[in-house]
Amino acid sequence: MAATNQADLPYRMRRLRKTPALRDLVRETHLSVKDLIYPIFTEENLDERVEISSMPGVYRETEKSLATRVKEAADLGIPAVILFGVSHHKDENGSDSFKATGLFARMIKIAKEAAPDISVIADVCFCEYTDHGHCGPIAEDGDVDNDATLINIGKQAVNAAKAGADIIAPSGMMDGTVAAIRAALDEAGFTEIPIMAYAAKFASTYYGPFRDAAGCALGKYDHVAKDRKTYQMDPANAREALREVELDIAEGADMVMVKPGLAYLDILAKTKDSFSLPTFSYHVSGEYAMLKAAAEKGWLEYEAVMMETLLSFKRAGADGILTYTALDAARILRNG
Ligand code: PBG
Ligand code: ZN
């Protein structure tokens, strides 16, 4: 005797999975080229671009190849790039990033000229321009001086806007950053430039490959803190993350970001549900490295796992994704 009379089943979830067309019809989440933001590293005084060993397929671009890369992204229909500098002019304050002639400003100009219609996002922070690698100047006690950073970051943000940046994205996690940037931009007449705040950014070991790529590893000086745990968030804290997001919105953030990506999808979903601002997820360097490493070993299928991962960010509530896979994903999406 059959345990269940088939005809009596009140539901059959499999009905809508029967064909590709049916599955297409009921799909809840879609990934588009328009969801992608491509991060690019640019090193000054470099003759030829250099592949980053822990991030296969990602390069330290030269100032010339930066233009090529931005055009490539634009031609694929990617709506935005975010720029990171590899500086040869570092000091204790990261002052090269205030200068109209420094790498920080030059990269923005180059990107904007290469593809005027793409949005150029300036990652506004000091770790790429300080000799100690921290996200602001160091106080007597060896820790980052919050309020001194705020004075400097206003200058950096205005420098970015003058160079042509379309969006300012502060990634340093100092208290009061968004308010300081908004005030500085408004005072300089850049009232229309939006802020995408790295609102909930965790002190994550997943940033390891990025620090190789951007040349901003910590630990060079004995008296200076060896990690970023006094400003980036404790990975254990979800409620605190919502408070961080709330404060950034109160200070004037137009868009918010949660970072890293996969390991923090719960924070992403809660952020989107709680505030409904345009919300972004950063699929970070370590996540990219894991995927590439497994693929190189033949243990995972790169393209399929990549697309599933990007889709998961959308499903969790992301309006867009910062990802080193952007060019690869865009090619797949365009070719159907
Ligand atoms: C710098 C910055 C970092 C990342 C983006 N901006 C590194 C850090 O905070 O140490 C990480 C990006 C990645 O890992 O892909 N403030
Ligand atoms: Zn930083």
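Every value quoted in this text rests on a predicted model; they were computed, and no experiment measured them.

Caption draft 1: Layout of the side chain of arginine 69. Structurally, arginine 69 is set in helix α2 (residues 63-75). Here arginine 69 falls in the buried class, since its relative accessible area comes to 10%. One polar contact links arginine 69 to glutamate 72, side chain to side chain, over a distance of 2.5 Å. Every residue in contact with arginine 69, bar those within four places of it in the chain, is listed here: Tyr38, Ile40, Arg49, Glu61 and Leu327.

Caption draft 2: Region of the structure containing the coordination of the zinc ion (ligand 2). At the metal site, the zinc ion (ligand 2) is ligated by Cys125 (SG), Cys127 (SG) and Cys135 (SG), and these contacts range over 2.2 to 2.3 Å. Metal-centred angles of 95 to 123° between the four donor atoms at the zinc ion (ligand 2) mark the site as tetrahedral. Expressed as a motif, the donor residue spacing for the zinc ion (ligand 2) is C-x1-C-x7-C. Taken together, the residues span a long stretch of sequence, with cysteine 125 in the loop between β5 (119-124) and α4 (146-163) and cysteine 135 in the loop between β5 and α4 at a distance of ten residues. Owing to a relative accessible area of 2%, cysteine 135 belongs among the buried residues under this scheme.

Caption draft 3: Spatial organisation of helix α10 (residues 302-316). Along its 15 residues, α10 runs 21 Å from first to last C-alpha, staying within 8% of the 21 Å computed at 1.5 Å per residue. Of all the residues in α10, the buried ones are Tyr302, Met306, Met307, Thr309, Leu310, Ser312, Phe313, Lys314 and Ala316. Residues of α10 that are buried sit in contact with β1 (36-43), α8 (265-275), β9 (279-283), α9 (285-296), β10 (320-323) and α11 (326-334). Where α10 ends, the next residue or the one after it, glycine 317, has phi of about 125°, a positive value.

Caption draft 4: Layout of the nonpolar core. Residues Phe41, Ile78, Leu83, Ile108, Ile168, Met196 and Leu310 are the most contacted members of the largest nonpolar core, which totals 101 residues. For this core, the element with the highest residue contribution is helix α3 (residues 103-114), accounting for seven residues.

Caption draft 5: Structural detail: unusual backbone geometry. A cis amide bond, omega -5°, links lysine 259 with the succeeding residue proline 260. Tracing the backbone shows proline 260 in the loop between β8 (255-259) and α8. Even without glycine at this site, serine 276 takes up a positive phi of about 50°. By secondary structure assignment, the location of serine 276 is in the loop between α8 and β9. Serine 276 gets classed as exposed once you look at its relative accessible area, which sits at 55%.

Caption draft 6: The site of ligand 1, seen in detail. For ligand 1, the set of nearby residues contains 16 residues, the closest of which are Lys201, Arg211, Lys259, Ser285 and Tyr324. Taking arginine 211, its side chain carries an N or O atom lying 2.6 Å from an oxygen atom of ligand 1. In isolation ligand 1 exposes 400 Å². Once the protein is present, 100% of that is buried. Of the residues assigned to the shell around ligand 1, the class counts are eight nonpolar, three polar and five charged.

Caption draft 7: Representation of helix α5 (residues 177-187) in the model. Within α5 the residues assigned to the buried category are Thr177, Val178, Ile181, Arg182, Ala184 and Leu185. Contacts made by the buried residues of α5 are with β5, α4, β6 (167-170), β7 (196-201) and α7 (239-250). One or two steps after α5, the chain reaches glycine 189, where phi turns positive at roughly 90°.

Caption draft 8: View of the packing of α7 against α8. Between α7 and α8, whose axes approach to 10 Å, the crossing angle comes to 45°. Overall, the two elements α7 and α8 adopt an arrangement that is oblique. You can see that α7 and α8 cross each other, and the crossing is right-handed. Between α7, through Ala241, Leu242, Val245, Glu246 and Ile249, and α8, the contact on the second element is made entirely by Ile267, Lys270, Thr271, Ser274 and Phe275.

The rules behind these values
- Residues numbered from 1 in each chain as written.
- Chains lettered and ligands numbered in written order.
- Predicted model: local features only at pLDDT ≥ 70, side-chain atom pairs only at ≥ 80, totals over all residues.
- Heavy atoms only, no water.
- Helix = DSSP H or I, 4+ residues; strand = E, 2+ residues; numbered from the N terminus.
- Buried < 20%, exposed > 50% of the residue type's maximum accessible area, 1.4 Å probe, protein only.
- Polar contact = N/O pair within 3.5 Å; in protein donor to acceptor, adjacent residues only side chain to side chain.
- Contact = heavy atoms within 4.5 Å.
- Donors = N, O, S within 2.8 Å, 3.2 Å for Na, K, Ca; no water.
- Tetrahedral: all angles 85-135°; square planar, octahedral: opposite > 155°, others 65-115°.
- Expected span 1.5 Å × (residues − 1).
- Core = buried A, V, L, I, M, F, W, Y, C linked by side-chain atoms within 4.5 Å.
- Near = heavy atom within 4 Å.
- Areas by Shrake-Rupley, 256 points an atom, 1.4 Å probe, with all protein chains shown as cover.
- Nonpolar A, V, L, I, M, F, W, Y, C, P; charged D, E, K, R; others polar.
- Axes fitted to C-alpha atoms, helices over the stretch in contact; angles between N-to-C directions.
- Parallel < 35°, antiparallel > 145°, perpendicular 65-115°, else oblique.
- Left-handed = near helix turned anticlockwise from the far one by under 90°.

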